[in-house]
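Descriptive analysis of the structure
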Amino acid sequence: MIYDTPAKFINVSSDQSVIEGGNLLLVCETSGKLAPNITWTKIGQESGENKILHLGTRYKIENVSRSDAGTYRCTSFNGVGNSVSHLLTVDVICKYGYNFKSLQFFIVKSVSYY
């Protein structure tokens, strides 16, 4: 007999810090029989918390801006048992060294060649 098994996490991103203008890759890999569907949402998003931002295991955000800071949720569900969710926080660090999420200051070294 073959049994269906609920989704479970095998590899998920931890909290991330990224410099404004950089790229960010969030990962949410799960297993299960039937193959799980993965959705990405942002908690507290003005346009509605349930708005799906991305479908799939890897969510790439290019040219990160300050508005990308916040808490993200990946949810995996395959129709067997309950869905599983993972939360992670994204901090965006201003090019000038200001962290908009945690209100900490960082020194960002800049080198110019003439």
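The chain has the name Ig-like domain-containing protein in an unreviewed UniProt entry, where Porites evermanni is given as its organism.

1. A few points about the sheet that holds strand β8 (residues 84-93)
Sheet strands pair by backbone hydrogen bonding; their relative direction is either parallel or antiparallel. Strand order across the open sheet formed by 5 strands is β2-β8-β7-β4-β5, with mixed pairing between neighbours. The sheet terminates laterally at β2 (16-19) and β5 (54-55), the two strands that pair on one side only. The sheet contact formed by strand β4 (residues 37-42) and β5 spans 2 bridges and is antiparallel. In the strand pairing of β5, threonine 39 is matched with leucine 55.

2. Concerning the sheet that holds strand β1 (residues 5-12)
Spatially, the 3 strands line up as an open sheet ordered β1-β3-β6, and their pairing is antiparallel. Among the strands making up the open sheet, the edge pair consists of β1 and β6 (58-61). Averaged over neighbouring strand pairs, the angle between their axes works out to 20 degrees when direction is ignored. As defined by bridge partners, strand β3 (residues 24-33) adjoins β6 across 4 bridges and the pair is classed as antiparallel. Each residue of the ladder has a partner; that of valine 27, found in β6, is arginine 58.

Thresholds, definitions, all that
Residues numbered from 1 in each chain as written. Predicted model: local features only at pLDDT ≥ 70, side-chain atom pairs only at ≥ 80, totals over all residues. Heavy atoms only, no water. Pairing = 2+ DSSP bridges. Helix = DSSP H or I, 4+ residues; strand = E, 2+ residues; numbered from the N terminus. Axes fitted to C-alpha atoms, helices over the stretch in contact; angles between N-to-C directions.

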